[in-house]
Amino acid sequence: MSGGDTPGALPSAGLQLRPGEPPRSLAYQDVYHPASGALAQARHVFLAGNGLPERWRGTARFVVLETGFGLGNNFLATWQAWCDDPQRCGRLVFVSVEGHPVDAAELRAAHAGSALPARAAALCDAWPPRTAGLHRLAFDGGRVELLLAFGDIAASLPALVAEVDAVYLDGFAPARNPAMWEPRVFKAIARLGRAGTTAATWSAARAVRDGLKAAGFSVSAAAGQGGKRDITQAWLRPEAAHPGRSARARLAPDAPREALVIGAGLAGAAAAAALAEDGWTVRLLDRHATPAAEASGNPAGIFHAIVHGHDGPHARFHRAAVQALEQLLRPLDPRQPPAAEQRQGPAAAAGSGEGAPWFDLGGLLRLDTRGLPADALQAQLARLGLPPGFACARPADEAGARAGLALCHPAWEFPGGGWLRPAALVAHWIAAAGPRLQFQGGMAVASLARCDGAWRVRDAAGRELARAPLLVLANAAAARGLLPPAGQDWPLEVLRGQLSQLGPAARAAAGLPLPRRPVGGAGYVLPTPDGGLVFGATQQAGDTDPALRADDHRANLARLAALSPDYVGASALDPALLGGRAAWRASARDRLPIVGPAPAHWFGGPPPGTAPLRQLARAPGLFLLTALGSRGIAWAPLCGRIVAALAGGAPVPLASDLLDAIDPARFDVRAVRTGAPARPAPPGAGRPPATAGTDAGPGGRID
Ligand SMILES: Cc1cc2nc3c(=O)[nH]c(=O)nc-3n(C[C@H](O)[C@H](O)[C@H](O)COP(=O)(O)OP(=O)(O)OC[C@H]3O[C@@H](n4cnc5c(N)ncnc54)[C@H](O)[C@@H]3O)c2cc1C
């Protein structure tokens, strides 16, 4: 799918379940597995056919690619085999493409009598809404990863950034669903392979074997199972193997897996946690004594999906991110505060007492004030193929009933939306990573340089603070100042924001109701666990004033009043009754985050040309994760995962065109293509005041 296409609804396979018969697809008039059983087929054809479990032994990570997830039995059998094997690989990544995903209810029904009930239940619990694109599901503490690519196979395979070890070819029969077995599918698979990548399928069709051969596989027949005469096994010939696309930013494989992350806000903590989960030893440095002391120290913020008619890169990236956040939060107990949470002063502590939830995943309502009826909004969702589990449109009265407020406009309801205390998420990440992740406060990084295969960071006095082969700059707008001049040319805007808080007693005295769930529009309001309100927020470019301002509170009260007739009285409230917090957001001009490997040309490497971004030379081991704008809560988890995947050469949970859309070098490459400067001096661009240390350094260099 290209960036500008609208996805449309994912077609249904028409699952039919009948007692005593294998599940069937009415759309393809074919069974999901033979009568001899799905798990037996998985073990014989796909596991044994790919030399598993033996082949994953002694490896840190093993990647399986499957065409046709179906009901997930091959995944469950592989996961079970991995658990049963004392010599299993460190991590199992299972990437599966499915054009006709079932919904959660169908999946549960299909696994009602599963021979692997616990694993099937875990899969059903994590099953995402049926939206096109990649969905990452993590099991067994992240050591088993399922990357579901929902969409047409011809578009999904080229969008993968992965290097795979084994391939399960398991679409419906070639005669019923030829699109899964076309020569271009085999070629796309070969592009994801490396020398020795294996493939197996129950199909012995001549066209399948010919297609595999044409794509560079050597093919042989093996004994069949479940009534099949023989099956097909294949392995990729070395001369047909392509250098892995995900290798573009990888470190030398023998480099120690040690990482430094600068900045302990949402961005840095997300990257540090993902790296630690992938086996890196991580030091997370911040100039403050405690994590989440700047923008990520806000008492609470909202997160929700968005719906955009064109469903372009921003909407698709945001959808991937918000679904990754939901996957992260769903298994957590919101009333279980992260052990290591550092309280960030009175503002953050409001409503965060003992046993108070630190997030709520109970949905969010976003008003649509364009004057369109709810039916028109619902039609837009249908056109985009966005299912009710992701978003639905509500008329004003229905939306009001769900919000517990009178509302004058129809609203989008996002079931996976909610509110969250960012500092608690940061603390969760630090605590959950265990001893692999060490936070060190009071470390104001002023410069960086690469020497002897490691990045060294120094303070303003030139003292070395730390070194590691992998360095992630996650220090918001201050990241730019640590780079050499050639790396400072991104169009970044720094926006001051002030949010307002009304305590429970003052809220009750003012007669302002507590919403049941957050409501957004031109502003937003969310209920705090102690019965107060958080609402806001202002946006001021080039404003470096750290003080809370009465005028900004008034502006936030006006936003609150505009959300609901129940809040009209808010405009008359005395700002002196309000608490609040001011901080700075860093935003790129295209409103997408800046995530990925730093290009080599920032450090004197070859200048970018017109070649694709994935071919651009990169500075070894240097990554950026910044410009989270007003979306840090939703974006940080996915962005952290992306950095860890790219750094370690693992399958990336984002389509390749979206990876390009957030690439730190995109502005430079666009500038070369269009002949325009990357940063036409945006009006109002400024830097936030540094609360400690310095945010400007002499610029890095690679020695
Ligand atoms: C008023 C307001 C309301 C908001 N509301 C929402 C909301 O509702 N939902 C939402 O998703 N987002 C919201 N945001 C945005 C969200 O807060 C940010 O997107 C997010 O916090 C950014 O995280 P970060 O880690 O990139 O930056 P930060 O949290 O600012 O972290 C950067 C860290 O880097 C450290 N650092 C900087 N320079 C150095 C250095 N040289 N050496 C060492 N450490 C350094 C800083 O100390 C800081 O801890 C809001 C922002 C504001 C201001």
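Higher on the page you've got the structure.
Residues numbered from 1 in each chain as written. Predicted model: local features only at pLDDT ≥ 70, side-chain atom pairs only at ≥ 80, totals over all residues. Heavy atoms only, no water.

*Asks:* For this particular structure, what's the right way to read the packing of aromatic side chains?
*Replies:* Any two aromatic rings considered together are summarised by their centre-to-centre distance and by the angle between their planes. Following the criterion strictly, the structure yields 17 aromatic pairs and no others. A ring pair is formed by Phe94 and Tyr168, whose centres lie 5.6 Å apart and whose planes are at 80°; its orientation type is edge-to-face. You can see Phe94 sitting in strand S5 (residues 91–98) and its partner Tyr168 sitting in strand S8 (residues 166–169), a full 74 residues away along the chain. Both residues of the pair, Phe94 and Tyr168, belong to the buried class. A cation sits over an aromatic face here: Arg88 above Trp82, 5.1 Å from the ring centre. When the ring centre of Trp79 is taken as origin, the NZ or CZ atom of Arg119, which lies over that ring, is 4.8 Å away. (Phe/Tyr/Trp six-rings, centres within 6.5 Å; stacked < 30°, edge-to-face > 60°. Helix = DSSP H or I, 4+ residues; strand = E, 2+ residues; numbered from the N terminus. Buried < 20%, exposed > 50% of the residue type's maximum accessible area, 1.4 Å probe, protein only. Lys NZ or Arg CZ within 6 Å of the ring centre and 35° of its normal.)

*Asks:* In this structure, what is going on with the site of the ligand? I would like to understand it.
*Replies:* Around the ligand, a shell composed of 36 residues is seen, among which Asp286, Ser296, Ile302, Val445 and Gly629 lie nearest. Here an oxygen atom of the ligand sits 3.3 Å away from a polar atom, N or O, in the main chain of Ala295. Ser296 has a polar side-chain atom sitting 2.5 Å from an oxygen atom of the ligand. For the ligand, whose accessible area on its own is 1000 Å², the fraction buried by protein is 96%. Counting only elements with at least two residues in the shell around the ligand, the list comes to helix H8 (266–277), strand S14 (301–303), strand S25 (492–502), strand S30 (579–588) and helix H16 (632–648). It is S25 that provides the largest number of residues to the shell around the ligand, a total of three residues. Of the residues belonging to the shell around the ligand, the class tally is 18 nonpolar, 13 polar and five charged. (Near = heavy atom within 4 Å. Polar contact = N/O pair within 3.5 Å; in protein donor to acceptor, adjacent residues only side chain to side chain. Areas by Shrake-Rupley, 256 points an atom, 1.4 Å probe, with all protein chains shown as cover. Nonpolar A, V, L, I, M, F, W, Y, C, P; charged D, E, K, R; others polar.)

*Asks:* Would you take a moment to explain the environment of Ala655 for this structure?
*Replies:* Looking at the element boundaries, Ala655 is found in the loop between H16 and helix H17 (656–661). Sequence separation of Ala655 and Pro53 is 602 residues, and the distance between their C-alpha atoms is 29 Å. The contacts of Ala655, once residues within four sequence positions are left out, are Leu134, Ala159 and Arg316. (Contact = heavy atoms within 4.5 Å.)

*Asks:* It is not clear to me how the side chain of Glu66 should be interpreted in this structure. Could you clarify?
*Replies:* Summarising the element assignment, Glu66 is placed in strand S4 (residues 61–67). It turns out Glu66 is buried and unbridged, and the closest side chain with the opposite charge, Arg43, is 13 Å from it. Only 2.6 Å separates the side chain of Glu66 from the side chain of Ser96, close enough to count as a polar contact. Residues contacting Glu66, with those up to four places away along its chain left out, are Asn74, Phe94, Val95, Ser96, Val97, Tyr168 and Asp170. (Lys, Arg positive; Asp, Glu negative; His and termini not counted. Salt bridge = Lys/Arg side-chain N within 4 Å of Asp/Glu carboxyl O.)

*Asks:* How should I be thinking about the nonpolar core in this particular structure?
*Replies:* Note that soluble globular proteins tend to have their nonpolar side chains buried in a common cluster. Among the nonpolar cores identified, the biggest contains 85 residues, and Leu275, Val282, Phe317, Leu420, Leu625, Ile642 and Leu654 are the most heavily contacted of them. The dominant element in this core, judged by the number of residues it contributes, is H16, at twelve residues. The contacts of Phe317, once residues within four sequence positions are left out, are Leu592, Pro593, Trp635, Leu638, Cys639, Leu654, Leu658 and Ile662. Residues Leu39, Val64, Phe69 and Cys124 belong to the second largest nonpolar core, which totals 77 residues. (Core = buried A, V, L, I, M, F, W, Y, C linked by side-chain atoms within 4.5 Å.)

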